[in-house]
Amino acid sequence: MAATVVTVTSGKGGVGKTTTTANLAVALASGGQKVVCIDGDIGLRNLDVVLGLENRIVYDLVDVVEGRCRLRQAMIRDKRMPEMYLIPAAQTRDKNAISPSDMVRLTDDLRDEFDWILIDSPAGIERGFRNSVAPADTVLVVTNPEVSSVRDADRIIGLIESEEKGPARLILNRLNTKMVKRGDMLAPDDVLELLAIELIGIVPEDENVIVSSNRGQPVALEAKSNAGLAFQNIARRLKGESVPFLNLEEKEDFFQKLTRIIRPGGD
């Protein structure tokens, strides 16, 4: 069976696209799937760092397209998971070095060998975005629950539909339930009402994500992390499984509960 090509994109930079791509790749590969990630952010290149593979790069995506190496030579195998590979972006070129048809051709060459091809799209609406969505079977839009991020996501969803790559599916990243309760952050229902697309996952705010990204150890490898569990669940939904959403409500610990019982109403 041919691979499914999943493009992870957003309107706004810094919402967690690369972290999402890395963690979905790890989650799928740890579940026995054969996965290749393509870093479509030519000129910047971050996916290799989040995956902890930056020291092993010899060739990159542009080298493949321009014929300086074979596709297999540019693929870096993850030693932790032998069924997972990375094709890194070029740092010294810009997004015009590759065309949408190049990306379609590249992914077509990979489809028979893999279960999943994940493309980390650059933010925004320029050439890099068009390159990344051209071969997509499924597009995941990552947004944070804040107004400017949601507005940019709305623009991207419209472009995905105009490229006939929709309907996109939504990942709501960095949700902080305390801020939602205070009215300082959009609630998931508010975001869904504004964007009107299917929600495939909610990833809670979790400091483990930053720590793990800095170490090149995606948080989906962490059994105790809520964010890691959320990414694992999104991967299962991508495979077609019906998985309930995590209950992200803050739970009172024993001492908070005891204090409330002993001192009802305050001082």
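Remember, predicted model here, so these are calculated numbers, not experimental data.

**A short note on the side chain of Asn-173**
1) Next: Relative to the helices and strands, Asn-173 resides in strand β7 (residues 169-175).
2) Next: Residue class for Asn-173 comes out buried when judged on its relative accessible area of 6%.
3) Next: Setting aside its immediate chain neighbours within four residues, Asn-173 contacts Val-15, Gly-16, Val-142, Thr-143, Asn-144, Pro-145 and Val-203.

**So, the UniProt feature "binding site: ATP" (unreviewed entry) in the protein chain**
1) Next: As annotated by UniProt and renumbered to match this structure, "binding site: ATP" (unreviewed entry) occupies Lys-12, Gly-13, Gly-14, Val-15, Gly-16, Lys-17, Thr-18 and Thr-19.
2) Next: With respect to the helices, strands and loops of the structure, Gly-16 is situated in the loop between β1 (4-9) and α1 (17-30).
3) Next: Among the residues examined, Gly-16 registers a relative accessible area of 9% and is labelled buried.
4) Next: The residues touching Gly-16, leaving out its near neighbours within four places in the chain, are Val-142, Asn-173 and Arg-174.
5) Next: As for its position among the elements, Thr-19 is in helix α1.
6) Next: Accessibility expressed as a relative area gives 14% for Thr-19, which makes it buried.
7) Next: Dropping the residues within four chain positions of it, Thr-19 is found in contact with Val-50, Val-209 and Ser-213.

**Concerning the pattern of salt bridges**
1) Next: Taken as a whole, this structure holds 14 salt bridges when the rule is applied.
2) Next: With a closest N to O distance of 2.8 Å, Asp-63 and Arg-68 form a salt bridge.
3) Next: Ionic pairing is found between Asp-102 and Arg-105, a salt bridge with its closest N-O pair at 2.5 Å. In this pair, Asp-102 and Arg-105 both sit in helix α5 (residues 100-111), three residues apart, roughly one turn of the helix.
4) Next: For Asp-102, a relative accessible area of 15% translates into the label buried.
5) Next: Judged by its relative accessible area of 47%, Arg-105 is partly exposed.

**Focus on the side chain of Thr-9**
1) Next: Here Thr-9 shows up in strand β1.
2) Next: Thr-9 gets classed as buried once you look at its relative accessible area, which sits at 0%.
3) Next: Polar side-chain contacts of Thr-9 include one of 3.3 Å to the side chain of Ser-121.
4) Next: With residues up to four places along the chain from it excluded, the contact list for Thr-9 reads Lys-17, Ser-121, Pro-122, Phe-129, Val-139, Leu-140, Val-141, Val-142, Ile-156 and Ile-160.

**Quick notes on the UniProt feature "domain: CobQ/CobB/MinD/ParA nucleotide binding" (unreviewed entry) in the protein chain**
1) Next: In the UniProt entry, the feature "domain: CobQ/CobB/MinD/ParA nucleotide binding" (unreviewed entry) is given for residues 6-219.
2) Next: The span residues 6-219 is 40% helix and 19% strand, and its two end C-alpha atoms sit 20 Å from each other.

**Observations concerning the nonpolar core**
1) Next: Within the largest apolar cluster, 36 residues are counted, with the highest numbers of intra-cluster contacts made by Leu-24, Val-35, Leu-51, Met-84, Leu-140 and Ile-171.
2) Next: Per-element accounting of this core gives the leading share, seven residues, to α1.
3) Next: With residues up to four places along the chain from it excluded, the contact list for Ile-171 reads Thr-20, Leu-24, Leu-140, Val-141, Val-142, Thr-143, Ile-200, Gly-201, Val-203 and Ile-234.
4) Next: Ala-3, Ile-42, Leu-110 and Phe-114 belong to the second-largest nonpolar core, a separate cluster that totals 24 residues.

**Some details on the sheet that holds strand β8 (residues 198-204)**
Think of a sheet as strands paired side by side through backbone hydrogen bonds, with each pair either parallel or antiparallel.
1) Next: In space, the eight strands of this open sheet follow the order β3-β4-β2-β5-β1-β6-β7-β8, with mixed pairing throughout. A strand with exactly one partner marks an edge of an open sheet, and here the two such strands are β3 (76-77) and β8.
2) Next: Looking at chain direction, strand β2 (residues 35-39) and strand β5 (residues 116-120) are connected through five bridges and run parallel. Following the sheet pairing, Cys-37 is matched in β5 by Leu-118.
3) Next: Helix-sheet contacts for α1 involve β1, β2, β4 (84-87), β5, β6 (138-143) and β7, and the interaxial angle to β5 is about 165 degrees.
4) Next: Along the sheet face, helix α9 (residues 188-195) touches β6, β7 and β8 and points at about 145 degrees away from the line of β7.

**A look at the pairing of β2**
1) Next: Within β2, five of the five residues are buried, leaving the element largely enclosed by the surrounding structure.
2) Next: Side chains Val-35, Cys-37 and Asp-39 project from β2 onto one buried face, and the interleaved Val-36 and Ile-38 project onto a second face that is buried too.
3) Next: Pairing geometry for β2 and β4, over four bridges, is parallel. Bridge pairing links Ile-38 to Ile-87 in β4.

**Focus: the packing of α1 against helix α11 (residues 226-238)**
Helix-helix packing is characterised by the crossing angle of the two axes and by the distance between the axes.
1) Next: With their axes 8 Å apart at the nearest point, α1 and α11 run at an angle of 70 degrees to one another. One element, α1, and the other, α11, form an angle in the roughly perpendicular class. Where α1 crosses over α11, the two elements pack in a sense that is right-handed. The residues of α11 that touch α1, namely those facing Thr-20, Asn-23, Leu-24, Ala-27, Leu-28 and Ser-30, are Phe-231, Gln-232, Ile-234, Ala-235 and Leu-238.
2) Next: Considered class by class, the residues forming the contact of α1 with α11 number seven nonpolar, four polar and no charged.

What counts, and at which threshold
- Residues numbered from 1 in each chain as written.
- Predicted model: local features only at pLDDT ≥ 70, side-chain atom pairs only at ≥ 80, totals over all residues.
- Heavy atoms only, no water.
- Helix = DSSP H or I, 4+ residues; strand = E, 2+ residues; numbered from the N terminus.
- Buried < 20%, exposed > 50% of the residue type's maximum accessible area, 1.4 Å probe, protein only.
- Contact = heavy atoms within 4.5 Å.
- UniProt positions renumbered as here; feature names shortened; annotations may be inferred.
- Salt bridge = Lys/Arg side-chain N within 4 Å of Asp/Glu carboxyl O.
- Polar contact = N/O pair within 3.5 Å; in protein donor to acceptor, adjacent residues only side chain to side chain.
- Core = buried A, V, L, I, M, F, W, Y, C linked by side-chain atoms within 4.5 Å.
- Pairing = 2+ DSSP bridges.
- Axes fitted to C-alpha atoms, helices over the stretch in contact; angles between N-to-C directions.
- Parallel < 35°, antiparallel > 145°, perpendicular 65-115°, else oblique.
- Left-handed = near helix turned anticlockwise from the far one by under 90°.
- Nonpolar A, V, L, I, M, F, W, Y, C, P; charged D, E, K, R; others polar.

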